[in-house]
Amino acid sequence: MTGVSQDRVQRLDRHALVMAVWLPAAFVAAALFHHGLESGGAWWLAGSFATVLAAFGAHVIVNAVLGTDFTPREVALGLFAFALAALAVVLSVLLTPGFAGRQFWVAALGLVALAAAVILYMVIRYGPRAAFERFDIIRDNNPRRASRLPHRGGRA
Amino acid sequence: MTVLVIAALGLLAAYALYIAALTARAGVPLVDGGGDIPGWAAMFTGAGVMVAGVGLADHLALVSRFGLQAVHPAMGLVLGAMAGLLVQKRLWVAARIAGMASPGEALGRYYGSITLRIVMLTLAVLFALPWAAHILSGAAPVITAATGGVIGRAPAVWGLAFFLFLPAVVGGWRAGVLVMALQSVMIAVLFAAVSAFAEGVLPGQGFLSGGIPVAEGILRDMIPGVIQPSAGIGKEVAQGGIFTTVGIVSTALLFVGVALSPGMLYLAQTTAAGRSKGFGAVWLVAGMGGIALLLLVPFLAARPDLRADLAAVEPLAALGLVLIVVVAAQLAAAFFATSGTLIVVRELVFPFVLPGLTPRGQRLAVRIALALAYAGVATLGAFAPVASAVFGGLALPFAVQLLPALVGLAMVRWISRSAVIAGLVFGLLLVTFTDTLGLVLFEGLFLDLPWGRWPLTIHAAAWGLAFNVAVVLLVSIFTARGVERGHRDRLHDEFAARWQVPQTRGNGRTALWSLTLIWAFLAMGPGAILGNSFFSRPIFAGTEASLGVPSLWVWQILFWLIGTALVWWLAHRARLGQTDAGAVRVIDLPDPAVAPGPARAPDWIAAGLARVTREAR
């Protein structure tokens, strides 16, 4: 293939695979969530969070098989969606009568489970120290040469 | 519901266009996607096409009408997976070692036959136009019903065709396959979710509590005999339903037709090396496909007004049901239309009509051809649905007739060109005259025939294949050592040297074929009649067992599982499911039917083109 960017093609193939994981799962999760909200069934809401968790697991498997990691755009989109969902739960508690009594705990537990799954993944994937360092931006503010030593974290 | 349907289909169309744009930006060739389609996409697409390629809307309608006997032909997924494994790996190898990069070129060069090239092109057109149009035409009423008539049948067909055309024309083959892979995953997920939701939530009787409701006189959970002396559909009504055991096994051959269709062969030839063929055949085609068509379809068919029932409880679940049918139709139509067009362009336009096109000119030619093809699909589907059904109905039975030719290329070197062509002539004629087109034409022009469609409840595909194989064997006896044998041997010698199948000799081969034949006899052949009561009235027990589900369904599931294990054997133990780019050694295998030298257009094509383009002096 002359004139073809192999790197770009590989990224495209992976991107399509990731989309093939998330789009059907998102549809099913949305349907379960909607039915849970309408019928008041906690198990339907739990099912929707379980679907999202399953999709996240499938995404991790895709990364493992292809030898890749979450891209910065995927991380940003994930964080944005999570923040949006958390905001929606808070607003629902404040504005929707009856939500706090019927669905709050399931929604909150679902969000906590998602966060726990991400943290668990990071700990398994990078180890506790490296996983923490991904968030430890304060340490980057005043880097010293000693911080690059292997026994002190060894960050580049 | 209207807004939901339009939004969902619009989102899917936008996604397809997005992937196509990314593919175009990467500069991937339109016509073959670079020849290294990722394995995961090929295996999901292949499995989705196997399920949707026989017409999912038609299959659901048949199961609603005939009950579990119409579910049984889905066992053909196992046959289709086996047929695919037998020929697709060797086709992939032939593409890499001898440059036979498309199915017509492979058969044409191997047998040294222009006729076979023309047969393959005709088949590609049959799949690309009338069959794709028939499938889209079947999905359009679903959209019309779901939108309460807001979107009519013809606009639905045109809309679907247009939004399938856009990604194909922008991104070509690779983008198409990547999008189809997503559609396949979506169908699988929605099948499971909607079936579980319907059975778990909806009130009233479902499949487990009430079975599939059918008209009086139809056996809803039994096979109506081994064979019936029926003159055929249109002449005589078969007692208890049309799916006798021979009806089942002959209808199951349609899945072999999908596996051997030009598009599936092209997909196999343009896929990257790896284990995807085996994984896809075992876990996706036989496994997931079997779950969908054997286990889950009865749940969907058991409720006559399922969409309305679901919409009353959860609109998104009803949307899911609509998407199963519509996305399956989109998948199959896009696959056959795109692959057929690309095959025609690659095998006819580039080498013979417009040889010497620049890469830019080739891209333009591909795009014009795709535009013409999709316009044809939309026109046929919207305005000529009956003609599409009649002509398109021949596509799968015709594709089954390629089996001897492809097995000859892949495995059996003594099958000769004359044997294959003679077999094809008989096979295609038998199919035509036991299916609608031949009967309508002959009876309209000459006189009434004593038989209708599917005489003796045997599908046209099986009538054709039986005569085809008999003629191939007979003619091969006399022509196996003909002058062109040395040409065929060159390819098979290379197969034997570097691509040997471990279990094509000795006890392994005997066991494999024996088990497959026994399985086929009991799973779909005459032995399947035992399934009617095997688990509800066990022999020698003298009593009735209360299973809670029909005995035939248990029989189907049991033999589907055994069949899937046989596919695993072929794919992994016999290594027909894995390819290795490292073992490729290029050989020179010129086409004895085409003069050596640079490709040039035949004089009559060149003269015709010159008149149109005013180049004649």
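None of these values were measured; they are calculated from a predicted model.

Things to note about the overall build of chain A
In terms of regular secondary structure, chain A is built from seven helices and zero strands. Taken from the N to the C terminus, the helices and strands of chain A come in the order α-α-α-α-α-α-α. Residues classed as buried in chain A amount to 31% of the 156 residues present. Across chain A, every contact between residues at least 6 apart in sequence was considered, and the portion connecting residues at least 24 apart equals 51%.

Some thoughts on the overall build of chain B
A tally of helices and strands in chain B yields 25 helices and zero strands. Here chain B has a C-alpha radius of gyration of 24 Å; the compact-globule value for 617 residues is 25 Å, and the two agree. Here the C-alpha coordinates of chain B stretch approximately 80 × 60 × 55 Å along the principal axes. Taken across its 617 residues, chain B has 58% of its residues classed as buried.

Structural notes on the side chain of glutamine 183 of chain B
Residue and element names in this part refer to chain B. Positionally, glutamine 183 belongs in helix 8 (residues 153-201). Classification of glutamine 183 by relative accessible area gives buried; the value is 6%. Each residue touching glutamine 183, except ones within four places of it in the same chain, is listed here: Val327, Gln330 and Leu331.

Re the nonpolar core
Counting 223 residues, the largest nonpolar core has Phe191, Leu310 and Leu491 of chain B as the members making the most contacts within it. Residue contributions to this core peak at 26 residues, all from helix 14 (residues 315-353) of chain B. Formed by six residues, the second largest nonpolar core is a distinct cluster that contains Phe49, Phe99, Ala107 and Leu114 of chain A.

Structural notes on the environment of serine 39 of chain A
All names here are of chain A. Secondary-structure assignment places serine 39 in helix 1 (residues 6-39). Within polar-contact distance, the side chain of serine 39 engages the backbone oxygen of histidine 35 at 2.7 Å. A distance of 3.3 Å separates a polar atom in the side chain of serine 39 from the backbone nitrogen of glycine 41.

A word on the packing of aromatic side chains
Residues and elements named next belong to chain B. Counted according to the given criterion, the structure contains 26 aromatic pairs over all chains. A centroid spacing of 6.5 Å and a plane angle of 40° characterise the contact between phenylalanine 162 and phenylalanine 165, whose relative ring orientation is tilted. Linking phenylalanine 162 with phenylalanine 165, this pair stays in helix 8, spanning three residues, or about one helical turn. Ring centres 5.3 Å apart and planes at 75° place the aromatic pair phenylalanine 207 and phenylalanine 299 in the edge-to-face group. Of this pair, phenylalanine 207 sits in helix 9 (residues 207-210) while phenylalanine 299 sits in helix 12 (residues 276-301), placing them 92 residues apart in sequence. Each member of the pair, phenylalanine 207 as well as phenylalanine 299, carries the same accessibility label: buried. Lying across the ring of phenylalanine 495, arginine 90 places its NZ or CZ 4.5 Å from the centre.

Points about the confidence of the model for chain B
Residues and elements named next belong to chain B. On average, residues of chain B carry a pLDDT of 90, and 98% of them reach 70 or more. Mean pLDDT in chain B bottoms out at helix 25 (residues 603-613), which sits at 78, and peaks at helix 17 (residues 395-400), which reaches 96. This complex was scored by the predictor with a pTM of 0.91 and an ipTM of 0.87.

Here's the deal with the environment of glycine 234 of chain B
Residues and elements named next belong to chain B. Structurally, glycine 234 can be placed in the loop between helix 9 and helix 10 (245-259). The exposure class of glycine 234 is exposed, given its relative accessible area of 77%. Expressed as a C-alpha distance, the spacing of glycine 234 and glycine 452, which sit 218 residues apart in the sequence, is 5.5 Å.

A look at the interface of chain A and chain B
Listed per partner, the contact involves 23 residues of chain A and 32 residues of chain B. Surface buried jointly by chain A and chain B totals about 2300 Å² across both partners, of which 77% is contributed by carbon and sulfur atoms. There are one salt bridge connecting chain A and chain B. The salt bridge partner of arginine 174 of chain B is aspartate 13 of chain A, with a shortest N-O separation of 2.8 Å.

Describing unusual backbone geometry
The backbone of threonine 457 of chain B shows a phi angle near 60°, a positive value even though the residue is not glycine. Its location among the elements puts threonine 457 of chain B in the loop between helix 20 (436-445) and helix 21 (460-479).

Here's the deal with a nonpolar patch on the surface
Taken together, Leu77, Phe80, Leu84, Leu87, Val90, Leu91, Val93, Leu94 and Leu95 of chain A make up a surface patch of nonpolar side chains, about 910 Å² in accessible area. Along the chain, leucine 91 of chain A falls in helix 3 (residues 72-95).

Some words on the packing of helix 1 of chain A against helix 8 of chain B
Following both chains from N to C, one finds helix 1 of chain A and helix 8 of chain B inclined at 25°, their axes separated by 10 Å at the closest point. Classified by the angle their axes make, helix 1 of chain A and helix 8 of chain B are roughly parallel. Relative to helix 8 of chain B, the crossing made by helix 1 of chain A is right-handed. Every residue of helix 8 of chain B that contacts helix 1 of chain A at Val9, Leu12, Asp13, Ala16, Met19, Ala20, Leu23, Pro24, Phe27, Val28 and His35 of chain A is listed here: Arg174, Leu178, Leu182, Val185, Met186, Val189, Leu190, Ala193 and Phe197 of chain B. The residue inventory of the contact of helix 1 of chain A with helix 8 of chain B, partitioned by class, reads 17 nonpolar, one polar and two charged.

Structural notes on the packing of helix 2 (residues 39-52) of chain B against helix 14 of chain B
All names here are of chain B. Where helix 2 meets helix 14, the axes come as close as 9 Å, and the angle between the chain directions of the two elements is 110°. Considering their axes alone, helix 2 and helix 14 lie roughly perpendicular with respect to each other. In this structure, helix 2 uses Thr45, Gly48, Val49 and Ala52 to contact helix 14, whose residues at the interface are Ala328, Leu331, Ala332, Phe335 and Phe336.

Description of helix 14 of chain B
Valine 345 of chain B marks where helix 14 of chain B bends most, by close to 35°. For helix 14 of chain B, the tally of buried residues reaches 33 of 39 residues, placing the bulk of the element in the interior.

As for the pattern of salt bridges
In total, this model carries 14 salt bridges over all chains according to the counting rule given. One salt bridge connects arginine 14 of chain A with glutamate 74 of chain A, and the closest N-O pair in it is separated by 2.9 Å. Of the two residues, arginine 14 of chain A sits in helix 1 while glutamate 74 of chain A sits in helix 3, which places them 60 residues apart along the sequence. The residues arginine 14 of chain A and glutamate 74 of chain A share a single accessibility class, namely buried. Salt-bridge contacts for arginine 413 of chain B lead to aspartate 489 of chain B; the nearest nitrogen and oxygen are separated by 3.2 Å. Taken together, the residues span a long stretch of sequence, with arginine 413 of chain B in the loop between helix 18 (403-410) and helix 19 (417-433) and aspartate 489 of chain B in helix 22 (residues 485-498) at a distance of 76 residues.

Parameters and conventions
- Residues numbered from 1 in each chain as written.
- Chains lettered and ligands numbered in written order.
- Predicted model: local features only at pLDDT ≥ 70, side-chain atom pairs only at ≥ 80, totals over all residues.
- Heavy atoms only, no water.
- Helix = DSSP H or I, 4+ residues; strand = E, 2+ residues; numbered from the N terminus.
- Buried < 20%, exposed > 50% of the residue type's maximum accessible area, 1.4 Å probe, protein only.
- Contact = heavy atoms within 4.5 Å.
- Rg over C-alpha atoms; globule rule 2.2 N^0.38 Å.
- Core = buried A, V, L, I, M, F, W, Y, C linked by side-chain atoms within 4.5 Å.
- Polar contact = N/O pair within 3.5 Å; in protein donor to acceptor, adjacent residues only side chain to side chain.
- Phe/Tyr/Trp six-rings, centres within 6.5 Å; stacked < 30°, edge-to-face > 60°.
- Lys NZ or Arg CZ within 6 Å of the ring centre and 35° of its normal.
- pLDDT = per-residue confidence, 0-100.
- Buried area = accessible area lost by both parts, 1.4 Å probe.
- Salt bridge = Lys/Arg side-chain N within 4 Å of Asp/Glu carboxyl O.
- Patch = residues over 30% accessible without salt bridge, like charges linked within 9 Å, V, L, I, M, F, W, Y side chains within 5 Å.
- Areas by Shrake-Rupley, 256 points an atom, 1.4 Å probe, with all protein chains shown as cover.
- Axes fitted to C-alpha atoms, helices over the stretch in contact; angles between N-to-C directions.
- Parallel < 35°, antiparallel > 145°, perpendicular 65-115°, else oblique.
- Left-handed = near helix turned anticlockwise from the far one by under 90°.
- Nonpolar A, V, L, I, M, F, W, Y, C, P; charged D, E, K, R; others polar.
- Bend = angle between axes of the 7 residues up to and from the residue.

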